[in-house]
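# Notes for the structure review
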Amino acid sequence: EPGTVAPAEETTPLQVTITAVETPGADAEFTLSADASDVTFECQLTKNTRVSKAWEPCTSPVTYTRLTPATYVLSVRANDEAGNVSTEETVTWTVVKGTGKAK
């Protein structure tokens, strides 16, 4: 309609936080949060520097069970309705053979 002004695009960068529910090991659970509402999360799991799961939609909490001994990296990013994508946040842990506990 003539004379109307479109709202300004939301371009504020998103910030993601990953919090371990307890010390991760063979079983690991993480809560995800962002500094904005109405965001969706994407997660990627890497094992010994090899991507074992491609980027895929995920929700909080993110849970992995029965992980084999290796070093893991969980990468998380958030997307909002305006199309903004956060920087990638990561958490790294190592499952030690025979203990199922993190190193």
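The structure this text deals with has already been given above.
Here is a short report on the structure shown in this document. Keep in mind the model is a prediction, meaning the values are calculated, not measured.

Thresholds, definitions, all that
Residues numbered from 1 in each chain as written. Predicted model: local features only at pLDDT ≥ 70, side-chain atom pairs only at ≥ 80, totals over all residues. Heavy atoms only, no water. Helix = DSSP H or I, 4+ residues; strand = E, 2+ residues; numbered from the N terminus. Buried < 20%, exposed > 50% of the residue type's maximum accessible area, 1.4 Å probe, protein only. Contact = heavy atoms within 4.5 Å. Pairing = 2+ DSSP bridges. Axes fitted to C-alpha atoms, helices over the stretch in contact; angles between N-to-C directions. Phe/Tyr/Trp six-rings, centres within 6.5 Å; stacked < 30°, edge-to-face > 60°. Lys NZ or Arg CZ within 6 Å of the ring centre and 35° of its normal.

## A short note on the overall build of the chain
Per the secondary structure count, the chain includes 0 helices and 7 strands. Written out in order from the N terminus, the α and β elements of the chain read β-β-β-β-β-β-β. Across the 103 residues that make up the chain, the buried fraction comes to 30%. Within the chain, contacts between residues separated by at least 24 positions form 52% of all contacts whose residues are at least 6 apart in sequence.

## A word on the pairing of strand S4 (residues 50-58)
In this sheet, S4 lies alongside strand S3 (residues 39-47) in antiparallel orientation, the contact comprising 6 bridges. Note on S4: the bridge partner recorded for phenylalanine 41 is cysteine 58. The antiparallel hairpin formed by S3 and S4 contains 2 residues in its connecting segment, where asparagine 48 sits at a positive phi of about 50°.

## Focus: the sheet that holds strand S2 (residues 28-34)
In spatial order, the strands read S1-S2-S5; together these 3 strands make up an open sheet with antiparallel pairing. Unpaired on one side and paired on the other, strand S1 (16-20) and strand S5 (62-64) mark the two borders of the sheet. Sheet twist, expressed as the mean angle between neighbouring strand axes with direction ignored, is 20°.

## So, the packing of aromatic side chains
Under the criterion given, the structure shown has 2 aromatic pairs. Arranged with centres 5.1 Å apart and planes meeting at 50°, the rings of phenylalanine 30 and tryptophan 93 form a pair that is tilted. Residue phenylalanine 30 is located in strand S2, and its partner tryptophan 93 is located in strand S7 (residues 89-95); the two are separated by 63 residues in the primary sequence. Taking the relative accessible area as the measure of exposure, phenylalanine 30 reaches 0% and is therefore buried. When the centroid spacing of 5.6 Å and the interplanar angle of 25° are considered together, the rings of tyrosine 72 and tryptophan 93 count as stacked. Here tyrosine 72 is found in strand S6 (residues 70-80), whereas its partner tryptophan 93 is found in strand S7, with 21 residues between them in sequence. Here tyrosine 72 matches tryptophan 93 in class, with each residue buried. Connected via pairs of aromatic rings, a cluster forms that spans Phe30, Tyr72 and Trp93. Just above the ring of tryptophan 55 sits the side chain of arginine 77; from NZ or CZ to the centre is 3.8 Å.

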